[in-house]
Amino acid sequence: MRIERNPSAVSDEDLTRIFDEPGFGKYYTDHMVQIDWSKSDGWHAARVQPYAPLSLDPATSVMHYGQAIFEGLKAFRHPNNHVYAFRPDQNANRFMKSALRLQMPALPEQMFIDSLRNFMQVDGRWVSDRPEQSLYIRPFMIATEVGLGVRPSSQYSFFIIASPVGPYFPQGVKPVSVWISTEFVRAAPGGTGEAKCAGNYAASLIAQAQAAEHGCDQVVWIDALERKWIEEMGGMNLFFVYGKKVVTPSLTGTLLRGITRDSILTLCKDLGFEPSEAMISVDDLRKGLESGEITEVFACGTAAAITPIGTIKSDQGTWSVNSGQPGDVTMTLRNHLIGIQTGLQSDSHRWLMELC
Ligand SMILES: Cc1ncc(COP(=O)(O)O)c(C=O)c1O
């Protein structure tokens, strides 16, 4: 991979100031990865280059027909001062599946991983060693052919950019409130729910706005056909805790296959909980909360790891979960998962990959 260094890279002093208040998606590292694809050459011209705006013809296909997919993962600086990514092979695989669904070329797993390694060898200093800080990495691919015909583009570019992030809950873990959307759905059978494509997120914004109108932080999606099965929450998967039993909605083809979700199913076994995947209806949830059978509810994803849910609202009423407090199972799983990611717990499943 060709490396072109940024002559105006951020100074060490400025980087320290950025780490003082990183925010989320506020600052980007000095470089980015780009690899192009064309029918004739396949993947070519792989490079790490200075972070810079893109110049695209207004008729570029992605801006009209939306062939755009992305991934999200984090890199953590461990006490040994090396930088590790959490299960990046899983992101590479999901990225390939998203590409296939959108008729885009698959980027081989090894190219995805090599890109991350080359990128971090140049921008590794952007991974802070401060507690609870990490580097959010955003690989994405767009269609770059110029033309207005509705057909798969004949050219694509793959990029990786990255942004330092601070703790998701700077004031300590605080349960969120959710609104169960009955008017809008995220995904339908045969649609793009399993793909991490940009359009899914555009279509979600109206429901997120409706959740906010109801005083809630996030939206919970239910299935498109029967309008009764709980699927996921905003950009996170859901878990329901029944004492020692930890249940997550089954992967029906309309949910995103969360990597955190998969990791939690494994960690549950390590920690003596009983994980399972099942269809859970809004009615099951209501009854479980009213009877006290459901003791905790949490959401999970790369950005926040695990977020407790304290209040659930729908047009049927409002329910409080565990008196609005983070539960023990939720916090045990959260601490363990973050412990592995940050190098404080042993990585017995070999989920971490050293990048630099
Ligand atoms: C719709 C949706 N569901 C779930 C997740 C959680 O997935 P992961 O754990 O791989 O971050 C995400 C985030 O990627 C998402 O966008």
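Calculation rules
Residues numbered from 1 in each chain as written. Predicted model: local features only at pLDDT ≥ 70, side-chain atom pairs only at ≥ 80, totals over all residues. Heavy atoms only, no water. Core = buried A, V, L, I, M, F, W, Y, C linked by side-chain atoms within 4.5 Å. Buried < 20%, exposed > 50% of the residue type's maximum accessible area, 1.4 Å probe, protein only. Contact = heavy atoms within 4.5 Å. Pairing = 2+ DSSP bridges. Helix = DSSP H or I, 4+ residues; strand = E, 2+ residues; numbered from the N terminus. Polar contact = N/O pair within 3.5 Å; in protein donor to acceptor, adjacent residues only side chain to side chain. Domains from an automatic or database assignment. Buried area = accessible area lost by both parts, 1.4 Å probe. Salt bridge = Lys/Arg side-chain N within 4 Å of Asp/Glu carboxyl O. 1 Å grid on protein atoms, 1.4 Å probe; cavity = no way out; pocket = protein on both sides within 12 Å on 5 of 7 lines; lining within 4 Å. Points joined across faces, edges and corners; volume = space filled by probe spheres on them. Nonpolar A, V, L, I, M, F, W, Y, C, P; charged D, E, K, R; others polar. Phe/Tyr/Trp six-rings, centres within 6.5 Å; stacked < 30°, edge-to-face > 60°. Axes fitted to C-alpha atoms, helices over the stretch in contact; angles between N-to-C directions. Parallel < 35°, antiparallel > 145°, perpendicular 65-115°, else oblique. Left-handed = near helix turned anticlockwise from the far one by under 90°.

**So, the nonpolar core**
Core analysis: the biggest nonpolar cluster contains 46 residues, and Ile69, Phe112, Leu135, Ile137, Met141 and Phe158 have the highest contact counts within it. Apart from residues lying up to four places away in sequence, phenylalanine 112 is in contact with Pro88, Asn91, Ala92, Phe95, Leu107, Pro139 and Phe158. Grouped together as the second largest cluster of nonpolar side chains are 23 residues, Val178, Met236, Leu285 and Val321 included.

**Some words on the pairing of strand β3 (residues 42-50)**
Side-chain positions along a regular strand alternate between the two faces of the sheet. Here strand β1 (residues 2-3) pairs with β3 via two bridges, running parallel. When the sheet's bridge partners are listed, arginine 2 is paired in β3 with arginine 47. Inspection of the sheet shows strand β2 (residues 31-38) paired to β3 by seven bridges, in the antiparallel sense. Across the sheet, residue tryptophan 37 finds its bridge partner in β3, namely tryptophan 43. Here β2 folds back onto β3 in antiparallel fashion, the turn holding three residues.

**A look at the environment of tryptophan 43**
One can find tryptophan 43 in strand β3. Excluding residues within four positions of it along the chain, tryptophan 43 makes contact with Ile35, Asp36, Trp37, Pro105, Ala106, Leu107, Pro108, Met111, Met141 and Phe158. Polar side-chain contacts of tryptophan 43 include one of 3.0 Å to the backbone oxygen of alanine 106.

**Section: the domain arrangement of the chain**
Domain boundaries in the chain define domain 1 (2-165) and domain 2 (176-341). Here domain 1 and domain 2 have C-alpha centroids that lie 28 Å from each other. If you look at the interface, domain 1 gives 18 residues, while domain 2 gives 19 residues. Roughly 1700 Å² is buried in total at the junction of domain 1 and domain 2, and carbon and sulfur atoms are behind 60% of that figure. Taken together, domain 1 and domain 2 are joined by one salt bridge. Put simply, arginine 87 and aspartate 262 hold a salt bridge, and the shortest N to O gap is 3.0 Å. For the side of domain 1 that touches domain 2, the elements supplying multiple residues, two or more each, are β4 (68-70), β5 (73-77) and α3 (88-101).

**Looking at the layout of surface pockets**
Volume-wise, the second largest pocket comes out at about 280 Å³. Elements supplying a minimum of two residues to the lining of the second largest pocket: α3 and α6 (259-270). Along the lines of polarity and charge, the residues of the lining of the second largest pocket split into three nonpolar, three polar and seven charged.

**Here we look at the packing of aromatic side chains**
Any aromatic ring pair is given by two values, namely how distant the centres are and how the planes are angled relative to each other. Scanning the entire structure with this criterion turns up eleven aromatic pairs. Here phenylalanine 112 and phenylalanine 158 contribute two aromatic rings whose centre-to-centre distance is 6.2 Å and whose plane-to-plane angle is 40°, an arrangement assigned as tilted. Of this pair, phenylalanine 112 sits in helix α4 (residues 109-123) while phenylalanine 158 sits in strand β8 (residues 155-165); the two residues are 46 residues apart in sequence, bridging distant segments of the chain. As far as burial versus exposure is concerned, phenylalanine 112 and phenylalanine 158 are alike and both buried. Here the aromatic rings of tyrosine 168 and phenylalanine 169 are separated by 5.1 Å at their centres, their planes lie at 80°, and the arrangement is edge-to-face. Phenylalanine 169 sits in the buried class, given a relative accessible area of 12%. Clustering of aromatic rings is evident, with ring pairs tying together Phe95, Phe112 and Phe158.

**A short note on the packing of α3 against α4**
It is at 9 Å that the axes of α3 and α4 come closest, and there the two elements cross at 130°. Between α3 and α4, the angle falls in the class oblique. In the crossing of α3 with α4, the sense of the turn from one axis to the other is right-handed. Contacts from Pro88, Asp89, Asn91, Ala92, Asn93, Phe95 and Met96 in α3 reach Glu109, Phe112, Ile113 and Leu116 in α4. Residue composition of the contact of α3 with α4, by class: seven nonpolar, two polar and two charged.

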